[in-house]
Structure formats: C-alpha cells, structure tokens
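Residue-level listing of the chains:
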Amino acid sequence: MIRKKIQAAAGAGMIAFGIWMESAAAQGEQFASAGVGRAIEKYVDRVSDSSRKSQPAYVSYEGYAAARVTSHLNIRSQPSSGSRIVGELRDGGIGRVTDRKDGWTKIRSGTVEGYVNDKYLIYDEDISAYAEKKKYPRTAVVTAEVLKVRKEPDLKSDVLAVAEKGTSYEIMDSREEDCWTKVKLQDGKGYVSKEHIKVGYDFDEARPIEKTEEDVSSGEKKTRTSKASGEQKVSVSGKTLGSQIAAYAVKYVGNPYVYGGSSLTRGADCSGFVMRVYEHFGYHLSHSSAAQAGEGREVAVSSIQPGDLLFYRSGGRISHVTMYIGNGKVVHASNSAPYPKGGIKISSVSYRTPCRAVRIIK
C-alpha cells in the first residue's frame with residue numbers, strides 16, 4: 001500500500017503525508033507543479049559558507065503524536081476502549097495532538113479526529129528518534145519560497161525542477177560535509193541546497209473507518225454529498241472504483257486551495273488534490289498536472305467516466321487538472337479565492353475546454 005506521506009513542516013504549521021508528507025514538483029520541461037504557468041522571477045539556491053559547516057536543520061514534531069505498534073492502532077470516537085472506532089493508525093502514523101486527558105490523547109490526522117490510548121503513542125521530539133531507529137525514509141522539506149533543484153551539486157548545473165515552500169522530496173544522500181542534498185525525483189535524482197531545506201521523515205496519515213449500515217439512521221440514504229455552490233448539493237454514487245474515487249474526492253469540497261500544497265484538509269493545488277485522492281486508493285501520481293497527463297492511459301473526452309482526469313492548457317502547456325465525477329461535473333482545486341469562487345469546488349466540464357482525458361484505473 002502506498003504510504004501516505006506526512007511531513008510536519010516547522011514554521012509552516014502543516015504536515016507535508018506523508019502529514020506532508022507527503023510531493024515532488026514537476027521535472028524537466030514539466031517543472032511547474034500544479035500548473036504553475038506564471039513566470040517566477042527569483043529562485044533561491046544560494047549556498048553560503050555557513051551551510052558547509054553547520055549540521056542540517058530538522059523538522060520539529062512538537063505537538064504531534066505517532067503510533068508505536070506492530071500492526072495498527074484504533075482511533076475511537078470517545079476516550080474509552082468501548083467507544084466506536086472512527087479510524088486507525090499504522091505503525092509510524094502521526095497526528096496533531098489536540099487534547100490529553102486521563103490516559104487518552106485526542107489527535108487529528110488527515111480526515112480523522114478521535115482518541116488514542118496514550119500507552120501506544122510517542123510524542124514530540126521522541127518521534128524523530130523513533131523514526132531514525134525504525135529507519136524511515138528521510139525527506140527534504142523546502143523552506144524557501146521557491147528553490148531550484150539542480151542536475152548536479154553545482155550552481156551552474158541545469159535546473160531540473162522548481163520547488164515551492166513545503167514541497168518534500170525523499171532524500172537519497174545528505175553527507176554532512178557537503179552543502180547539497182541529493183533527492184529522489186520522478187525520473188531520477190537532483191540536488192537542493194541544504195541551506196534551504198529541513199530534514200524530516202515519512203509518516204502515515206490515519207485511515208478513516210467508514211460507518212456501517214447500523215451507524216446510519218433509519219431511512220437515511222448512505223451517499224456522500226457536498227456543496228457545489230450556494231445551496232446546490234452534488235452526490236456521487238456507484239459501485240465502480242472510479243465512482244468510489246470520485247465520491248471520496250467530493251468529500252473535500254469547500255476546503256482551501258494552497259499553491260504547491262497537497263493536504264486534502266489544509267489546502268492543495270490542483271495536482272496535489274488529485275494526487276492525494278488517488279493515493280488513498282493505492283495509486284501513486286506525480287505532483288504535477290503536466291506529468292499526470294502522461295500517467296494512466298488516454299481516453300476520448302466524449303467517453304469519460306467518474307474518476308477520469310481532465311486536463312487544460314494555458315499558454316501552450318498543460319496547466320490544470322480536474323476529476324470527472326459524472327453528470328457533466330468535475331471536482332478540482334481551483335484558485336486561492338475564498339470558496340465557492342475558489343478552493344476545492346465542483347464545476348461544469350465545459351467551464352473550460354479540456355485538451356486531454358486520462359484514465360488512471362487499470
């Protein structure tokens with residue numbers, strides 16, 4: 001199962017899941033993640049003498065709790081072992097602590113919020129030591145507003161990608177005496193300045209446990225609904241995997257758009273939104289609309305099905321991705337304007353003219 005990458009990015013107050021985990025920027029000619037079509041005037045990859053001498057900075061996990069179990073840990077609706085299970089954390093799953101009382105910790109992880117028995121958790125800075133002992137993959141979290149990813153550890157080397165603040169890459173090598181960190185890209189490797197990253201670890205997000213029919217009140221139809229705009233409601237139902245994926249995506253309508261983000265709850269851009277939705281079902285996609293257009297298989301726009309991805313061009317390049325949910329509608333992370341104008345929202349397929357349709361499901 002693909003791990004949901006959660007990354008607690010210090011100073012940004014976010015998890016980059018893994019809880020932030022999770023998210024490479026596009027590479028080569030596709031280097032602008034989530035349709036970064038506008039020109040970026042200044043990029044940061046300065047390497048100072050101090051970065052050659054100092055130890056790398058590490059992400060702080062202050063205020064978080066991580067699971068310390070061999071299989072999984074139940075998250076309950078109340079601080080009681082007899083209360084309803086609302087989610088579960090795998091070994092290394094992490095969540096933000098919101099309360100502690102009488103041997104129970106209330107956490108928020110992904111879409112799940114509930115209580116966990118204290119004896120199965122580790123807290124704060126002990127989390128890093130635990131991750132190191134368990135040999136979890138280390139990640140480089142970008143702390144600069146924008147940062148060039150170089151082909152070689154040299155300021156004159158070619159630029160493979162441009163990463164925004166909060167973007168994370170799996171670390172391949174980070175020798176203490178060097179001022180560069182080698183990171184894993186979709187098609188190989190690259191190098192980032194150690195001065196403008198913090199080192200963290202991959203962690204899992206909690207997996208929600210869906211309500212059973214007994215949990216649904218009598219006469220209530222079990223469908224997922226979300227507001228599209230105003231009082232309009234859109235529901236997605238169906239037994240196909242594509243319909244299930246579309247229904248899951250619709251649950252997050254109303255949440256914010258964040259440029260370069262990949263959190264379904266705290267904010268994502270268009271490709272980060274699609275990436276995280278599909279990751280929930282075990283599919284790994286790039287954090288780039290242009291790259292996603294080359295993943296899966298192309299289908300005719302006239303024959304799209306729920307769960308299929310639709311792509312749009314701007315200035316000659318693919319710059320935006322949406323997900324078809326049926327009935328002529330798409331769900332997507334739109335722009336930074338307040339919802340319903342922006343954010344994760346539902347629009348008509350024809351709100352723009354799609355240039356490509358891709359089916360990820362095999």
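Since this is a predicted model, take the numbers as computed values, not measurements.

### Focus: the overall build of the protein chain
Then, in step 1: Check the secondary structure of the protein chain and you find five helices and 27 strands.
Then, in step 2: Looking at the protein chain residue by residue over its 362 residues, the buried ones come to 51%.

### A closer look at helix H2 (residues 126-133)
Then, in step 1: Of the positions making up H2, those classed as buried are Ile127, Ser128, Tyr130 and Ala131. Summarising the axial view, the buried residues of H2 lie within an arc of 160 degrees, below the 170-degree limit, and thus occupy one face. In H2, the exposed positions that point more than 90 degrees away from the buried face belong to Asp126, Ala129 and Lys133.
Then, in step 2: Tucked inside the fold, the buried residues of H2 contact strand S3 (64-67), strand S6 (94-101), strand S9 (121-123) and strand S16 (197-201).
Then, in step 3: In the stretch just after H2, lysine 135 is the one whose phi turns positive, near 60 degrees.

### Here's the deal with the pattern of salt bridges
Then, in step 1: Evaluation of the coordinates by the stated rule reveals seven salt bridges.
Then, in step 2: The closest approach of N and O atoms between aspartate 91 and lysine 134, which form a salt bridge, is 3.3 Å. Residue aspartate 91 is located in the loop between strand S5 (85-90) and S6, and its partner lysine 134 is located in the loop between H2 and strand S10 (138-142); the two are separated by 43 residues in the primary sequence.
Then, in step 3: Exposure remark for aspartate 91: the relative accessible area of 15% places this residue in the buried category.
Then, in step 4: Note on lysine 134: relative accessible area 38%, which makes it partly exposed.
Then, in step 5: Residue arginine 100 pairs with aspartate 118 through a salt bridge whose shortest N-O separation is 3.6 Å. Of this pair, arginine 100 sits in strand S6 while aspartate 118 sits in the loop between strand S8 (112-117) and S9, and the two are 18 residues apart along the sequence.
Then, in step 6: Classification of arginine 100 as partly exposed rests on a relative accessible area of 46%.

### Description of the sheet that holds strand S25 (residues 329-333)
Then, in step 1: Taken in spatial order, the six strands line up as S22-S27-S23-S24-S25-S26 in an open sheet, and their pairing is antiparallel. Two strands lie at the open edges of the sheet, namely strand S22 (297-299) and strand S26 (344-348), each paired on one side alone. The mean inter-strand angle of the sheet, taken between neighbouring strand axes irrespective of direction, is 40 degrees.
Then, in step 2: Its contacts with the sheet put helix H3 (residues 241-250) on strand S24 (317-326), S25 and S26, and the angle it makes with S24 is roughly 105 degrees.

### Some words on the pairing of S24
Then, in step 1: With respect to burial, S24 is a largely interior element, nine of its ten residues being buried.
Then, in step 2: In this structure, strand S23 (residues 309-314) lies alongside S24, joined through six bridges in antiparallel fashion. The residue bridging arginine 313 from the neighbouring strand is isoleucine 318, located in S24.
Then, in step 3: Between S24 and S25, which pair antiparallel in sequence order, lie two residues; one of them, asparagine 327, sits at a positive phi of approximately 55 degrees.

### A short note on the nonpolar core
Then, in step 1: Residues Phe273, Val277, Tyr278, Leu309, Met323 and Val331 are the most contacted members of the largest nonpolar core, which totals 30 residues.
Then, in step 2: Aside from chain neighbours lying at most four places away, what touches phenylalanine 273 is Ala249, Tyr252, Leu264, Ala268, Val331, His332, Ala333 and Ile344.

### A few points about the side chain of glutamate 88
Then, in step 1: Relative to the helices and strands, glutamate 88 is located in strand S5.
Then, in step 2: One polar contact links glutamate 88 to arginine 90, side chain to side chain, over a distance of 3.1 Å.
Then, in step 3: Aside from chain neighbours lying at most four places away, what touches glutamate 88 is His72, Leu73, Ile75, Ala206, Arg207 and Ile209.

### Notes on H3
Then, in step 1: Most of H3 sits out of view: eight of its ten residues are buried.
Then, in step 2: Buried residues of H3: Gly242, Ser243, Ile245, Ala246, Ala247, Tyr248, Ala249 and Val250, and no others.

### Some points on unusual backbone geometry
Then, in step 1: The phi angle at aspartate 102 is positive, at roughly 55 degrees, despite the residue not being glycine.
Then, in step 2: Mapping aspartate 102 onto the fold places it in the loop between S6 and strand S7 (104-109).

### Here's the deal with the packing of H3 against helix H4 (residues 270-279)
Then, in step 1: Running from N to C, H3 and H4 cross one another at 125 degrees; their axes reach a closest spacing of 10 Å. Considering the angle they form, H3 stands oblique to H4. As H3 runs across H4, the sense of the crossing is right-handed. Contact residues: Ile245, Tyr248 and Ala249 in H3; Phe273, Val277 and Tyr278 in H4.
Then, in step 2: The residue makeup of the contact of H3 with H4, split by class, is six nonpolar, no polar and no charged.

### Some thoughts on the environment of asparagine 74
Then, in step 1: Checked against the element boundaries, asparagine 74 lands in strand S4 (residues 72-76).
Then, in step 2: Sequence separation between asparagine 74 and leucine 89 is 15 residues; the distance between their C-alpha atoms is 6.6 Å.
Then, in step 3: For asparagine 74, the residues in contact, after removing those within four places along its chain, are Ile85, Gly87, Tyr115 and Val116.

### Topic: the confidence of the model for the protein chain
Then, in step 1: A residue-level look at the protein chain finds 74% of positions with pLDDT of 70 or above and a mean pLDDT of 76.
Then, in step 2: Segment residues 1-43 is flagged for pLDDT under 50; beyond a separation of four residues in sequence, or across chains, it makes 179 contacts in the model.
Then, in step 3: The low-confidence segment residues 212-235, where pLDDT is below 50, has 34 contacts with residues more than four positions distant or belonging to other chains.

Reading guide: rules and limits
- Residues numbered from 1 in each chain as written.
- Predicted model: local features only at pLDDT ≥ 70, side-chain atom pairs only at ≥ 80, totals over all residues.
- Heavy atoms only, no water.
- Helix = DSSP H or I, 4+ residues; strand = E, 2+ residues; numbered from the N terminus.
- Buried < 20%, exposed > 50% of the residue type's maximum accessible area, 1.4 Å probe, protein only.
- Arc of directions from axis to C-beta.
- Contact = heavy atoms within 4.5 Å.
- Salt bridge = Lys/Arg side-chain N within 4 Å of Asp/Glu carboxyl O.
- Pairing = 2+ DSSP bridges.
- Axes fitted to C-alpha atoms, helices over the stretch in contact; angles between N-to-C directions.
- Core = buried A, V, L, I, M, F, W, Y, C linked by side-chain atoms within 4.5 Å.
- Polar contact = N/O pair within 3.5 Å; in protein donor to acceptor, adjacent residues only side chain to side chain.
- Parallel < 35°, antiparallel > 145°, perpendicular 65-115°, else oblique.
- Left-handed = near helix turned anticlockwise from the far one by under 90°.
- Nonpolar A, V, L, I, M, F, W, Y, C, P; charged D, E, K, R; others polar.
- pLDDT = per-residue confidence, 0-100.

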